[in-house]
Each structure stands twice: as structure tokens, then as C-alpha cells.
Amino acid sequence: MNLKKIFGGMKGSNDPRYRTAKPFEMFLAPATSASKMTFYVMMMMTGYVANAGFGVAVMLTGILLTVKTWFDGVTDPIVAAIFDKVKVGKAGKIRLFLLTGYLIQAISAILMFNVLSGKFTGVTGVVVYITLYFLFVLGYTVMSVGGGTSISAILTNDPKQRPFMQFIQMVYQYIGPLGITNILNLVVLPRYNNQIDATMLREACFWYCGFALIFTTMSLIGLSKVDTPEVLGKLMSDESGKQKSIKVKDMLAMVKENKPLRCYMITGITDKIASNTNKQQIITTLLNGILIGSYQTANTINNTTTIIGFIFAFLGGVYLAKWGVKKATKVMSTLCICINLAAATLCLILGPSGMAKIGAGGLIMYLYMAMMMGQAATTMCLNIAEGMMRADVIDYELYRSGNFMPGMVGAIYSFTEKIVASFGATIASIAVAAIGYTTTMPQLGDDATWAVLWVVEIIVFGLPILGWLANIIAMKFYELDKERMVEIQTEIAEKKKIARKAMSK
């Protein structure tokens, strides 16, 4: 194992064509991903607070979550347009959006989970819940589009640094859900007899907001050197040195002319609808609470597989830099399909009652854990490749049109992804309602039936496979392989060099 080669991504290539980041910036700046994903996990719990705190029916909750995601998607391009138009001031721009997004989410969450929970029912309860949730979603959009989608592209365009940078960002994406899930499963839930109710959610809210605040603060510190007029402002300037104002026609032209953007959208969107569906709390309760029968065992498996997955994903980052995004996406998607098929087969062989053997420990648990390790590692590598793909698409647009639009690239992708992935909550709600959960939510200790197992088979294992097949097809039309990106970065550097010479005359 060549550790020097692995850590080489931290230093970069020392090539004047590229913009390189300092190590502390790469470690701290992406921490907002953990904050964002902590709030994302919190979203998965809102179905419970809607039912227990505001009297919203289970089926109606699923529909409301779908409608809210449409609202979320609509606000993405609006916030992104504001982000790309706002000039970089002395207090920065990314940091302003990150802090604003955090405050909106934290305030609306405290109102939803604590202050107003249990105070309203009926139509009034539905209206109050929708208002608070939409406010929460707006804050999430400000954080994710205004800051989260632009950080990696702004910090570096060095092909050696980008895999390492995306690995760090991906680690934060897992740390957020992993950390808060551990706190809830090991600290909070046992105090409430492992039942997710309004009282338990009141305490959980403060854990969510406090945990997210830690990572938001880290990101603000990491961005302090680059979120300035001297660095970010220069990057967003035109050839005359003035910060450009992005117009609507520039956005429309990007969608029409940027083919790699469309390929990137397909790979991300198909994966996200599967992820958004199988990570709904009601689905994880079916798998971990009813079939496996132990949140604690499931939590141990998740912790172990995630840690091991980090190790393999870190090593895989070397090959991502060597292969480039296009080849890496095809290889990792194929591996993900094979591993998911194996895990689905194991669960079918065990049957609904036999799944409890995973929760009981022993050989079956270790076999299942090994499969989840492989899935975690390959999925993490795909996440790294996806982040690199977004950054490459942003650079391609700069090469194609001369416009640096990280916010709008993220918003166009996010808008489409959220509209499609919004059906995840509805799919999950319909699936559990179809097997009898129409007025109550699934809970630990419910009967393990074949109906429950088939819902898990289709949603947890089947949907992701369809997404990975779409990745492989999309990569056949994606032109930004490793060699093409070298050509693009060289030409961008040359254009900037010519512009600087012209300004100096």
C-alpha cells in the first residue's frame, strides 16, 4: 500500500493550471455536509411528529412530504439565482448562506418538535405543521444550494485533490446521520422504552440542532480564507475583473447546451429516489425494528460497516483519481448491483422469521454485515465520484460559456432530483399502508410477516439496483473522462492567462 500516493491528494499536483486548497480548508470547509445531513435525517422523523404532535394521518403525511419536496425543488433555482447574483462582501457569501440556512432550520424545528407540538389537531394541526415544515425546507435549501453545492468546486479544481476533497465531504455526509443515529438509538430511545413518540422527539430535537451547529461552525472556520472578495470574488469575475451577474438566459443555455450536466442529473436522481425511499423512518423500522428485531444490533452493524466502508472508500479514492469519474461510476455501480442482489437473496432465504437471526448475532449476522460492508464501501465510492462529477460539470460550464455557476448547477440538479425523489415518502407511505399500517406507524415488536419482508426486498434492495443500472447507461453518453478534463482545465488556465495579460496592458 503506497501511503505517499494516497495522501498525495492532500497536497495537490503543484501545477499552475490548477487552483489548490490548503489541508485545513479541505478538512473543515466541507463539514457543512454533516450539518445538512443531520437535518436531512431529522426530516425523516417529521412523519412521526406530524402524526403524534399535530394529529396528521399517516397517508396524509406521506402526501404532504411529497408536496413539500416539490416546494423544496421550486425554491432551489430561486435561492441559487440569488446566490450566483450576490457579490462577495467582506463577510463572505457562502458563510452568510450557511449560517442563515442553519438558523432557519433550527428555529422551525424547535417550534415543530417542542413549542407547538401537541398544541393543535385537525385542520389547524395540518396547517401549522405544513407552515413549519415548509419553513424548515426553505432553510435546508438555503444551506444546501447556497453553500453546500459550491464548496468543493470553489476550493480546488486540482484533479489530484478533488478525489481527496470529495472523500472528506463524503465522510461528513456519513458522520452526520451516523452520529445522530447513535445518539438517538443509544442515549435517547432507551429512555423512552424504544418508542418514537412526541415526548422522545422533543428531546431529540435539541440533539439534532446542537449536533448540526458543531459542523456548521467548523465549516465557517474552514471557509474564512477563501470566502472573500480576493479569492471567491476573483473566481466569479469576468475578463475585466468585475464580478459577473448571472442572467436567466445563461441558466437556460446551460441546461440546453451542457450535456454532461444532464448525464450527471440522471445518475444522481435515480440513486436519490431509491435512497430517499429506503431511508424513510417507516422503512428502516420495518427492516431493523420488525424483521431484525433490534435497533441496537442494527446500529452496531451500521457503525461497523460505515467505518470499514470509510477505509475502503479512502483507498478507492486513489483509483478514482486514476480512472476518472466516468469509469469509476460504471465499475462501482456494477459492484453495487452484485452486492445488493446477494443481500436480497440472503434475506429471502432466511424468511421473515429467520431475519431475527441477524439481530441475535452469530454467523448469519456476520455474513449480513460483510455484505453491508461491501455495499457501504462501493456506495461511498459512488458518492465521491458523484461529487467529482458535479465539480467537473461546473468547470465544463466555465469552459463552455465563461460563467462560473456552482449554485445554479447544484440548483438545477437539486430541483429535478427533489421533484422526482419527492415520491420516495409517498412510495414508502403507500407501501406500509398496503400491508396494514393505515392509522399507526410501524414499531419495534410488530409481527414479522412475508408482507413486511417483500416491502423491504422491493424498496431496500430493488429500487437501488434500478438506480445503478441507470448510472451505467448514463455514462455511455458522458464525455468528461479523465483525459477530456485535463484538456478543459488547460484551456481554462490559458484563457485566464490571456485575460490577465490584456488587463495589465
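The notes below deal with the structure included here.

Cut-offs applied
Residues numbered from 1 in each chain as written. Predicted model: local features only at pLDDT ≥ 70, side-chain atom pairs only at ≥ 80, totals over all residues. Heavy atoms only, no water. Helix = DSSP H or I, 4+ residues; strand = E, 2+ residues; numbered from the N terminus. Expected span 1.5 Å × (residues − 1). Buried < 20%, exposed > 50% of the residue type's maximum accessible area, 1.4 Å probe, protein only. Phe/Tyr/Trp six-rings, centres within 6.5 Å; stacked < 30°, edge-to-face > 60°. Polar contact = N/O pair within 3.5 Å; in protein donor to acceptor, adjacent residues only side chain to side chain.

**Details of helix α8 (residues 161–188)**
Note on helix geometry: an α-helix contains 3.6 residues per turn, so any two residues three or four positions apart are oriented the same way. Between the first and last C-alpha of α8 there are 39 Å, a value that for 28 residues agrees with the 40 Å anticipated at 1.5 Å per step. Counting buried residues in α8 gives 22 out of 28 residues, a clear majority hidden from the surface.

**What to know about the packing of aromatic side chains**
In total, this model carries 7 aromatic pairs according to the counting rule given. Residues Phe211 and Phe215 carry aromatic rings whose centres are separated by 5.1 Å and whose planes lie at 75° to one another, so their mutual orientation is edge-to-face. With a gap of 4 residues between them, Phe211 and Phe215 both fall in helix α9 (residues 198–222), about one helical turn apart. In terms of burial, Phe211 and Phe215 fall into one category: buried. The interplanar angle of 45° and the centroid separation of 5.9 Å between the aromatic rings of Tyr396 and Tyr399 together place this pair among those described as tilted. One end of the pair is Tyr396 and the other is Tyr399, both in helix α17 (residues 363–401) and 3 residues apart, which spans about a single turn. An identical accessibility class is assigned to Tyr396 and Tyr399; each is buried. Every member of this aromatic cluster is reached through a ring pair, and the members are Phe39, Tyr102, Tyr129, Tyr133 and Phe136.

**As for the environment of Ser224**
Inspection of the secondary structure puts Ser224 in the loop between α9 and α10 (229–235). Taking the relative accessible area as the measure of exposure, Ser224 reaches 30% and is therefore partly exposed. With 195 residues separating them in the primary sequence, Ser224 and Ala29 have C-alpha atoms 8.8 Å apart. At 2.8 Å, the side chain of Ser224 forms a polar contact with the backbone oxygen of Ile221.

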